Amino acid sequence: MHRHAITRRSVLAATALACAAPVRAQTPQRVAAIDWAMLETALALGVTPVAATELVQFRRQVIEPEAPAGITDLGLRGMPSFELLRMTAPDLILISNFYENLRPVYERIAPVFSATIFAQGEPPYPLAERATTALGERLGLAGQAEAVIDDARRRIGAIRDSLATVERRPVFVVSLGDARHLRAFGSDSLFGNVLDRLGFDNAWEGASSYSAAAPVGMEALARVPDARLVVVEPTPPEVSRVLATSALWRALPMVRAGRVAFMEPVNHFGALPSACRFARLFAAVLLRGDGSVSDG
């Protein structure tokens, strides 16, 4: 009888623990972020993850929102340290569609939240809003998520108003890989979506894949001679040196006319924080002499 009572208590205790686990998963307190857009979103919601990937590069290239000290760096986004991830004991792991192939591995460590912001043929800004809403609900922060979405719309709307007097030329937004090739951000990219919200036409009408076109020759910019050119940093130092004497670069109509601006780095695979950062920096370079910046 006594042994039966002990066994019964053990079963009840085990059952209680099993029932408690889903409750913990519903309101996670310790979040790990594999995807940078999800890391941005968590930080915007006021959640500092216990672990995230490639934090040195994130702080150098994404910049906003700031990733506080104390977050464990898991290494590469494509192949993080699963041992470190397990040691941080997350309640929830944040990924995107880019990392679904590793979902079974992550699910052996903790529940997984996945959101898609970049999908072929779909504008990413509305998907970033949906991802913010979904993550806010998952973290019990629905009110904060709504505030983040409203704030992004308000800020981008205010920036659009601030550009009312700027001539509405079409704009190429690109990054430079070398002195002869670039990647152009199309209408299905986050930057392209923000350009539209700011009231500017995207000069790049070629194919792109929910981010940017594959590297194309710099001469493609001559197809829209009256366009502005905005180059999103970082630009490799050797490229900056070559541009100063490049006949191809200097022959471009927008370079000859001084309609070129170099803009600080922005995460082109980002979420609402990156959209706001792009809008603010884009406005800054246009308002500074109406976008007329020298070639270096």
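For the structure itself, look to the data block above.
What you are looking at is a predicted structure, and each value in this text was computed from that prediction instead of being measured.

Moving on, we come to the nonpolar core. Within the largest apolar cluster, 61 residues are counted, with the highest numbers of intra-cluster contacts made by Leu94, Leu163, Leu198, Phe200, Met263, Phe278 and Phe282. The element that contributes the greatest number of residues to this core is helix α12 (residues 272–287), accounting for ten residues. Apart from residues no more than four positions distant in its own chain, methionine 263 is found in contact with Val230, Val231, Val232, Glu233, Phe278, Leu281, Phe282 and Val285. Of all hydrophobic cores here, the second largest spans 22 residues; its members include Phe172, Leu176, Leu221 and Leu229.

Before going further, it helps to spend a moment on the sheet that holds strand β1 (residues 31–33). For sheets, the rule is that strands pair by backbone hydrogen bonds, running either parallel or antiparallel. Taking strand neighbours across the sheet as the criterion, the five strands line up as β3-β2-β1-β4-β5 in an open arrangement whose pairing is parallel. Single-partner strands in this sheet number two, and they are β3 (72–73) and β5 (112–115). In this sheet, β5 lies alongside strand β4 (residues 92–96) in parallel orientation, the contact comprising four bridges. Among the inter-strand pairings, isoleucine 95 is bridged to a residue of β5, identified as serine 114.

Moving on, we come to the environment of glutamate 107. Relative to the helices and strands, glutamate 107 is located in helix α5 (residues 103–107). Its relative accessible area of 45% is what places glutamate 107 among the partly exposed residues. Separated by 14 residues in the primary sequence, glutamate 107 and isoleucine 93 place their C-alpha atoms 8.3 Å from one another.

A separate point is helix α7 (residues 142–162). The end-to-end C-alpha distance of α7, which contains 21 residues, comes to 30 Å, matching closely the 30 Å that a straight helix rising 1.5 Å per residue would cover. Within α7 the residues assigned to the buried category are Ala145, Val148, Ile149, Ala152, Ile156 and Ile159. Projected onto a plane normal to the axis of α7, the buried residues spread over an arc of 100° and lie on a single side. What points out from α7, more than 90 degrees from its buried face, is the exposed set Glu146, Arg154 and Asp161. Of the surrounding elements, those touching the buried residues of α7 are α2 (36–44), α6 (124–138), α8 (190–197) and α12.

Moving on: the pairing of strand β7 (residues 181–184). Burial of the side chains of β7 is restricted to one face: Leu182 and Ala184 are buried, whereas none of His181 and Arg183 on the reverse face is. Across three bridges, strand β6 (residues 171–176) lies against β7 in antiparallel orientation. Paired with serine 175 across the two strands is arginine 183, which belongs to β7. The pairing of β7 with strand β8 (residues 216–217) spans two bridges and is classified as antiparallel.

About the cut-offs
- Residues numbered from 1 in each chain as written.
- Predicted model: local features only at pLDDT ≥ 70, side-chain atom pairs only at ≥ 80, totals over all residues.
- Heavy atoms only, no water.
- Core = buried A, V, L, I, M, F, W, Y, C linked by side-chain atoms within 4.5 Å.
- Buried < 20%, exposed > 50% of the residue type's maximum accessible area, 1.4 Å probe, protein only.
- Helix = DSSP H or I, 4+ residues; strand = E, 2+ residues; numbered from the N terminus.
- Contact = heavy atoms within 4.5 Å.
- Pairing = 2+ DSSP bridges.
- Expected span 1.5 Å × (residues − 1).
- Arc of directions from axis to C-beta.

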